[in-house]
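Listed below, chain by chain, are the residues.
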Amino acid sequence: MRSADTPFVRSAARTDLDLHLRVNGRSHRIRAEARETLLDVLRERLGLFGTKKGCDHGQCGACTVLVDGRRVLSCLTLAAQAEHGAVTTVEGMVEHPVGRLVQAAFVAEDGLQCGYCTPGQIVSATACILEGAATSDEAIREAMSGNLCRCGAYPNIVAAVRSAAAVVERR
Amino acid sequence: MNRLAYLRASSLEEAKQALALPGSIALAGGTTVVDLAKLGAMKPDLLVDIGGLAGLDAVRVDAGRLHIGALARMADVSRNADVLRLAPAIAESIERAASGQIRNMATIGGNILQRTRCAYFRDASTYAACNRRTPGSGCAAIGGVTPNHAILGATDACMATYPGDLAIVLAALDATVHTDMRDVALVDLFAEAGSGRETVLADDEIITAVSVAADAGAARSSYLKLRDRQSYEFAAVSVALAVDLTGNGPQIRVAVGGVATKPWRLPSVEAVLRAGPPTRARIAEAAATAAGDARSTPDNHFKIRLLTRTLERALLTALDLS
Ligand SMILES: Cc1cc2nc3c(=O)[nH]c(=O)nc-3n(C[C@H](O)[C@H](O)[C@H](O)COP(=O)(O)OP(=O)(O)OC[C@H]3O[C@@H](n4cnc5c(N)ncnc54)[C@H](O)[C@@H]3O)c2cc1C
Ligand code: FES
Ligand code: FES
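Residues numbered from 1 in each chain as written. Chains lettered and ligands numbered in written order. Predicted model: local features only at pLDDT ≥ 70, side-chain atom pairs only at ≥ 80, totals over all residues. Heavy atoms only, no water.

(A) Focus on the overall build of chain B. Along chain B, the regular secondary structure elements total 14 helices and 12 strands. Radius of gyration (C-alpha) of chain B: 19 Å, near the 20 Å computed for a compact globule of 322 residues. Overall, chain B is about 60 × 50 × 30 Å in size when its C-alpha atoms are taken along their principal axes. Considering only contacts in chain B between residues 6 or more positions apart, those separated by 24 or more positions represent 61%. (Helix = DSSP H or I, 4+ residues; strand = E, 2+ residues; numbered from the N terminus. Rg over C-alpha atoms; globule rule 2.2 N^0.38 Å. Contact = heavy atoms within 4.5 Å.)

This is the structure in structure tokens:
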């Protein structure tokens with residue numbers, strides 16, 4: 001079924017890419033390998049260390065970021081795939097209307113122990129509230145199940161999401 | 001991950017040209033491809049990003065069929081009003097799959113084509129023998145740790161389980177997979193486990209959509225998934241049902257997941273259910289035939305009873321007898 005190489009493919013396929021990424025409202029031009037993930041580019045090339053690498057295989061949620069407002073896993077996103085989207089990391093949460101409230105709620109409710117999973121929890125919770133999924137403790141646990149916490153801070157994480165959702169609701 | 005090239009296709013024709021190159025594979029959401037490429041279980045030379053192709057992400061109803069575009073994201077499909085109304089089990093199976101983050105990324109086409117979670121397949125650096133990865137190399141799962149391996153369809157070549165949820169529902173609903181070249185019944189899409197091919201698709205063939213008849217069975221479809229933890233986990237056993245009560249006797253279609261090498265219809269169960277009114281006794285009799293062809297290891301032997309009981313529960317619930 002496979003036919004010969006074509007000139008178009010030869011010229012368009014790249015192992016090294018010049019990427020234009022928009023992260024937390026800022027534009028970045030970087031050179032990266034095609035195999036680099038968004039997670040590695042954020043941390044190693046842009047110095048944004050808030051986004052954490054837990055498993056690197058989509059199993060823990062520590063690397064959660066928003067792309068065009070939707071929560072995704074940056075470890076399973078190639079940087080090249082993110083080129084046309086607006087990326088928001090935990091560093092961008094201070095300026096995010098809901099993200100700010102979620103951060104404050106995690107502090108108030110003591111929603112962490114070691115803190116490694118926390119950036120992913122905060123970004124994920126922000127999206128989860130905006131999705132309208134934080135309607136009850138059970139719904140929060142289900143909607144947040146993609147974010148594991150090895151310290152088991154779950155009760156306080158659920159409390160933080162619940163209280164942030166309540167503040168958003170009142171506004 | 002091996003060093004590889006990337007190309008963003010801007011049309012189906014461009015994608016086809018690039019996929020014609022040896023060593024190239026399609027990249028949709030990337031949640032299977034990026035994972036497996038990092039593990040070395042896949043070693044593509046060129047990733048052809050089809051995620052941006054226009055017109056392949058719509059859900060529409062046409063001539064009595066529900067069509068779902070191959071590039072529609074799982075999260076969007078699970079919340080789609082037509083899907084929820086016409087084939088609720090499709091939404092249910094997606095809602096119960098993976099996590100909120102993964103459902104935002106992953107596409108319907110990619111979901112159907114996801115690879116097995118067999119640890120011996122995934123861990124390419126530790127286990128050289130895997131007929132799925134390297135045809136003819138053997139199977140490291142034989143004599144290994146196999147609680148999640150298949151009891152239906154397993155052979156000496158491969159006993160890895162098909163892990164997806166959506167395709168189980170699609171099998172029960174007699175779904176058609178539409179490609180740029182032809183239509184294939186979903187149950188005919190998958191190749192024999194360990195045969196060296198995952199599917200019957202050509203290397204440069206692109207799935208464009210999947211469709212199901214918007215019939216009475218689809219409207220009364222259900223999906224029951226049992227797993228080791230409540231959420232964010234693959235099925236230990238799952239049951240998809242399409243129940244049509246509009247005719248003389250009930251017409252019930254049954255497919256199961258978490259237990260078989262590919263999405264698995266159970267014609268023997270369907271035949272018992274067709275033979276007369278769906279009493280509790282008949283349901284028990286039907287469920288008892290489900291594991292008739294099962295082949296188990298000491299590790300996954302529990303799945304035989306789990307399958308029978310899950311099927312019985314799903315049928316009782318669907319027929320309001322529970
Ligand atoms: C931690 C974790 C948990 C998960 N849990 C579940 C679960 O509980 N249930 C479940 O069902 N799934 C689960 N998944 C699997 C997940 O749903 C799949 O990885 C995802 O659906 C794949 O879709 P994608 O668009 O990302 O595919 P990709 O990774 O982009 O592609 C997958 C395969 O399909 C091919 N492909 C993609 N689109 C097309 C097309 N249109 N035409 C031809 N070929 C194509 C690619 O070449 C590749 O071989 C889980 C995954 C992870 C990482
Ligand atoms: S690092 Fe991405 S999910 Fe664990
Ligand atoms: S606070 Fe330690 S992993 Fe969650």
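(B) A look at the sheet that holds strand β8 (residues 207-213) of chain B. Residue and element names in this part refer to chain B. Pairing is antiparallel in the open sheet, where 5 strands are placed in the order β4-β5-β8-β6-β7. Two strands bound the open sheet, and with one partner strand each, they are β4 (59-62) and β7 (183-185). On average, each strand axis in the sheet is inclined to that of its neighbour by 25°, with strand direction left out of account. Two elements, strand β6 (residues 176-179) and β8, share 4 bridges in a ladder whose sense is antiparallel. Residue pairing across strands places H178 opposite A209, the latter belonging to β8. (Pairing = 2+ DSSP bridges. Axes fitted to C-alpha atoms, helices over the stretch in contact; angles between N-to-C directions.)

(C) Spatial organisation of the packing of aromatic side chains. All names here are of chain B. Evaluated as defined, the whole model comprises 2 aromatic pairs over all chains. Where Y120 meets Y127, the ring centres are 4.7 Å apart and the plane angle is 70°; that geometry is what we call edge-to-face. The class of Y120 is buried, set by a relative accessible area of 9%. (Phe/Tyr/Trp six-rings, centres within 6.5 Å; stacked < 30°, edge-to-face > 60°. Buried < 20%, exposed > 50% of the residue type's maximum accessible area, 1.4 Å probe, protein only.)

(D) Region of interest: the domain arrangement of chain B. All names here are of chain B. Taken domain by domain, chain B comprises domain 1 (5-53) and domain 2 (59-113 + 162-318). Each of domain 1 and domain 2 has a C-alpha centre, and these two points are 27 Å apart. With 11 residues of domain 1 at the interface, the matching set in domain 2 holds 12 residues. Surface buried jointly by domain 1 and domain 2 totals about 1,000 Å² across both partners, of which 68% is contributed by carbon and sulfur atoms. (Domains from an automatic or database assignment. Buried area = accessible area lost by both parts, 1.4 Å probe.)

(E) Spatial organisation of the nonpolar core. All names here are of chain B. If you look at the biggest cluster of nonpolar residues, it comprises 88 residues, and the most contacted ones within it are I68, I90, I108, I112, L170 and L186. Per-element tally for this core: the top contributor is helix α9 (residues 166-172), with 7 residues. With near-sequence residues (within four places) excluded, I112 lies in contact with Y162, L166, L170, L186, L189, F190 and V210. Formed by 28 residues, the second largest nonpolar core is a distinct cluster that contains L224, V243, I252 and A286. (Core = buried A, V, L, I, M, F, W, Y, C linked by side-chain atoms within 4.5 Å.)

(F) Inspection of helix α14 (residues 302-318) of chain B at higher detail. Residue and element names in this part refer to chain B. Helix length check: α14, at 17 residues, gives a terminal C-alpha distance of 24 Å against a target of 24 Å (1.5 Å per residue), a fit within 8%. Every buried residue of α14 is listed here: K303, L307, T308, T310, L311, A314, L315, L316 and A318. Looking at the buried side of α14, the elements it contacts are β9 (221-226), β10 (237-244), β11 (251-257), α12 (267-274) and α13 (280-288). Positive backbone phi, at 55°, marks D320, one or two positions downstream of α14. (Expected span 1.5 Å × (residues − 1).)

(G) Just the interface of chain A and chain B, in detail. Contact with chain A, which involves 43 residues of that partner, is made by 51 residues of chain B. In total, about 3,800 Å² of surface goes out of reach between chain A and chain B, with carbon and sulfur atoms giving 53% of it. Our count for the chain A to chain B interface comes out at 5 salt bridges. Our enumeration of links across chain A and chain B arrives at 23 residue pairs in polar contact (both at pLDDT 80 or more). At the level of secondary structure, the elements contributing two or more residues to the side of chain A that touches chain B comprise α1 (7-12), β1 (16-23) and β4 (70-73) of chain A. In terms of residue count, β4 of chain A provides more of the side of chain A that touches chain B than any other element does, 4 residues in total. The residue inventory of the side of chain A that touches chain B, partitioned by class, reads 15 nonpolar, 16 polar and 12 charged. (Salt bridge = Lys/Arg side-chain N within 4 Å of Asp/Glu carboxyl O. Polar contact = N/O pair within 3.5 Å; in protein donor to acceptor, adjacent residues only side chain to side chain. Nonpolar A, V, L, I, M, F, W, Y, C, P; charged D, E, K, R; others polar.)

(H) Just the pairing of β8 of chain B, in detail. Residue and element names in this part refer to chain B. Counted residue by residue, β8 has 6 buried out of 7 residues, so it is predominantly covered. Sheet analysis places strand β5 (residues 65-69) next to β8, joined by 5 bridges and oriented antiparallel. Across the sheet, H67 pairs through a bridge with S211, a residue of β8.

(I) Quick peek at the environment of R45 of chain A. Residues and elements named next belong to chain A. Note that R45 resides in helix α2 (residues 38-45). Beyond its immediate chain neighbours, meaning those up to four positions away, R45 contacts I30, R31, A32, E33, E36 and D40. Polar side-chain contacts of R45 include one of 2.6 Å to the side chain of E36.

(J) Molecular detail of the domain arrangement of chain A. Residue and element names in this part refer to chain A. Taken domain by domain, chain A comprises domain 1 (16-91) and domain 2 (93-170). Taking only C-alpha atoms into account, the centre of domain 1 sits 21 Å from that of domain 2. Tallying the contact residues gives 16 residues for domain 1 and 17 residues for domain 2. Considering only the surface of domain 1 that becomes buried against domain 2, L66, R71 and V90 emerge as the three largest contributors, covering 42% of it. Seen at the junction of domain 1 and domain 2, the total is 1 salt bridge.

(K) A look at the confidence of the model for chain B. Within chain B, residue pLDDT values average 97, and 100% of them lie at 70 or more. Complex prediction metrics read pTM 0.97 and ipTM 0.96. (pLDDT = per-residue confidence, 0-100.)

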